[in-house]
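Here is how the chains run, residue by residue.
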Amino acid sequence: MHSGGRCMKLEELGKLMRYPPHVVRDAKMLLDADRETFKTLEEEFRYYPQPVNLVYAKRFLDWLERQGFPVEEAADIFRRWGQALLHGRSKIAMLGACVYLVARRRHIPLSINEIKRWCRCPRRRIYRYYQLLVQASGVPVPDGVDLHLAWLKRGAEELGAPREVLEDAADILRRFRGRMGRNPKVVAASCLYLATERHGLQISFSRLAEVFTVTEISVRNTVYEILNELQEEADR
């Protein structure tokens, strides 16, 4: 990922997300609590979830900072457009949508499912807010080719694939342009599978599905589609 900046303080995050001071105070108490105490307090806050949501937002941004994610850019999008769209909407889902918009804009391999786990809200809601942000901000979202490459590099690194395998997979990806509308993780996993086959390496569909957090059948079907398209290209 790209280099990030300093960690955002809880008070700054509370102000950004427009939480009142008493919510920030309660969230600080939760952050300072040990794990077991936090679980108990989280249950008590079930009908008053703002402090808990603020804690999860803080932990989410801290995790992003450790990954080198440009958190300040996401905060700026939230400040400029997210706040205006907040009426009647989830603040933490809007924050997740801002993060996803930055990830798409900068070709950072960060999926909505990863964001969903941190924000604890439905994937569909985050994506709907993301679409609202794109409309409101006019921020251009580039085509998917570079995003596919980003997922390809991330997966190859996790699998320990040699450089020549990654280069071969990237070449297959560039030639397979007919299915760019597909899930970039599925396409990247499929190209990586074909490249490892060419180099005599054994990586199973199930292992690729696990690394890319997609289904095994999706990878298998896309591999066959890529092979068919490459064969048609060779026959022309």
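For the structure itself, look to the data block above.
To keep things clear, this report deals only with the structure shown in the data block. It should be emphasised that the depicted structure is a prediction, and the values quoted were computed from it without experimental measurement.

Cut-offs applied
- Residues numbered from 1 in each chain as written.
- Predicted model: local features only at pLDDT ≥ 70, side-chain atom pairs only at ≥ 80, totals over all residues.
- Heavy atoms only, no water.
- Salt bridge = Lys/Arg side-chain N within 4 Å of Asp/Glu carboxyl O.
- Helix = DSSP H or I, 4+ residues; strand = E, 2+ residues; numbered from the N terminus.
- Buried < 20%, exposed > 50% of the residue type's maximum accessible area, 1.4 Å probe, protein only.
- Contact = heavy atoms within 4.5 Å.
- Phe/Tyr/Trp six-rings, centres within 6.5 Å; stacked < 30°, edge-to-face > 60°.
- Arc of directions from axis to C-beta.
- Expected span 1.5 Å × (residues − 1).
- Axes fitted to C-alpha atoms, helices over the stretch in contact; angles between N-to-C directions.
- Left-handed = near helix turned anticlockwise from the far one by under 90°.
- Nonpolar A, V, L, I, M, F, W, Y, C, P; charged D, E, K, R; others polar.
- Core = buried A, V, L, I, M, F, W, Y, C linked by side-chain atoms within 4.5 Å.
- Disulfide = S-S within 2.5 Å.

1. Looking at the pattern of salt bridges
Inspection of every chain in the model, using the stated rule, returns 14 salt bridges. A salt bridge links Glu42 to Arg120; the nearest nitrogen and oxygen atoms lie 2.9 Å apart. Within this pair, whereas Glu42 is found in helix H3 (residues 35-44), its partner Arg120 is found in the loop between helix H7 (112-119) and helix H8 (123-137), the two being separated by 78 residues in sequence. For Glu42, a relative accessible area of 21% gives the class partly exposed. Classification of Arg120 by relative accessible area gives partly exposed; the value is 40%. By sharing partners, the salt bridges in this structure join Glu73, Arg105 and Arg106 into a single network.

2. A few points about the environment of Leu192
Relative to the elements of secondary structure, Leu192 occurs in helix H11 (residues 184-198). When near neighbours in sequence (up to four residues on either side) are disregarded, Leu192 contacts Leu152, Gly155, Ala156, Leu159, Val165, Ala169, Leu208 and Phe212.

3. Remarks on the packing of aromatic side chains
With the rule as written, the count across this model stands at seven aromatic pairs. Considering the side-chain rings of Phe38 and Tyr56, the 6.2 Å spacing of their centres and the 55° angle between planes classify their relative orientation as tilted. Of this pair, Phe38 sits in helix H3 while Tyr56 sits in helix H4 (residues 50-66), and the two are 18 residues apart along the sequence. Classification of Phe38 as buried rests on a relative accessible area of 6%. The buried category is assigned to Tyr56, whose relative accessible area is 16%. Look at Tyr127 and Tyr130: their rings are 5.4 Å apart centre to centre, the planes differ by 40°, and that puts the pair in the tilted class.

4. Points about helix H12 (residues 205-212)
Residues Phe205, Leu208, Ala209, Val211 and Phe212 constitute the buried set of H12. All buried residues of H12 fall inside an arc of 165° around its axis, so they share one side. Positive phi shows up at Thr213, right after H12, with a value of about 50°.

5. With respect to helix H10 (residues 163-175)
Given 3.6 residues per turn, any residue in an α-helix points the same way as the ones three and four places further on. The end-to-end C-alpha distance of H10, which contains 13 residues, comes to 19 Å, matching closely the 18 Å that a straight helix rising 1.5 Å per residue would cover. The complete set of buried residues in H10 reads Val165, Asp168, Ala169, Ala170, Ile172 and Leu173.

6. Comments concerning the environment of Phe38
Taking the C-alpha atoms as reference, Phe38 lies 23 Å from Glu65; in sequence the two are 27 residues apart. Once residues within four sequence positions are removed from consideration, Phe38 is found in contact with Leu30, Ala33, Val55, Tyr56 and Arg59.

7. Observations regarding the packing of helix H6 (residues 91-105) against H8
One way to put it is that H6 packs onto H8 with a least axis distance of 8 Å and a crossing angle of 65°. The way H6 lies across H8 gives a crossing that is right-handed. Two secondary-structure elements touch here, H6 through Ala93, Met94, Gly96, Ala97, Cys98, Tyr100, Leu101 and Arg104 and H8 through Arg125, Ile126, Tyr127, Tyr129, Tyr130, Leu133, Val134 and Ser137. The residue inventory of the contact of H6 with H8, partitioned by class, reads twelve nonpolar, two polar and two charged.

8. Focus: unusual backbone geometry
Although it is not a glycine, Arg120 sits at a positive phi angle of roughly 55°. The phi dihedral of Thr213 falls on the positive side, at around 50°, and the residue is not glycine.

9. Topic: the nonpolar core
Core analysis: the biggest nonpolar cluster contains 54 residues, and Met17, Leu54, Leu64, Phe69 and Leu133 have the highest contact counts within it. For this core, the elements supplying multiple residues, two or more each, are helix H1 (10-16), helix H2 (21-32), H3, H4, helix H5 (71-82), H6, H7 and H8. With eleven residues, the top contributor of residues to this core is H6. Filtering out sequence-adjacent residues up to four positions away, Leu133 remains in contact with Ile77, Trp81, Gly82, Leu85, Met94, Ala97, Cys98, Leu101 and Gly138.

10. Some remarks on the state of the cysteines
Scanning the model with the defined rule gives zero disulfides in all. Cys119 provides the cysteine sulfur closest to Cys98, a residue in no disulfide bond, and the two sulfurs are 10 Å apart. For Cys98, a relative accessible area of 0% gives the class buried.

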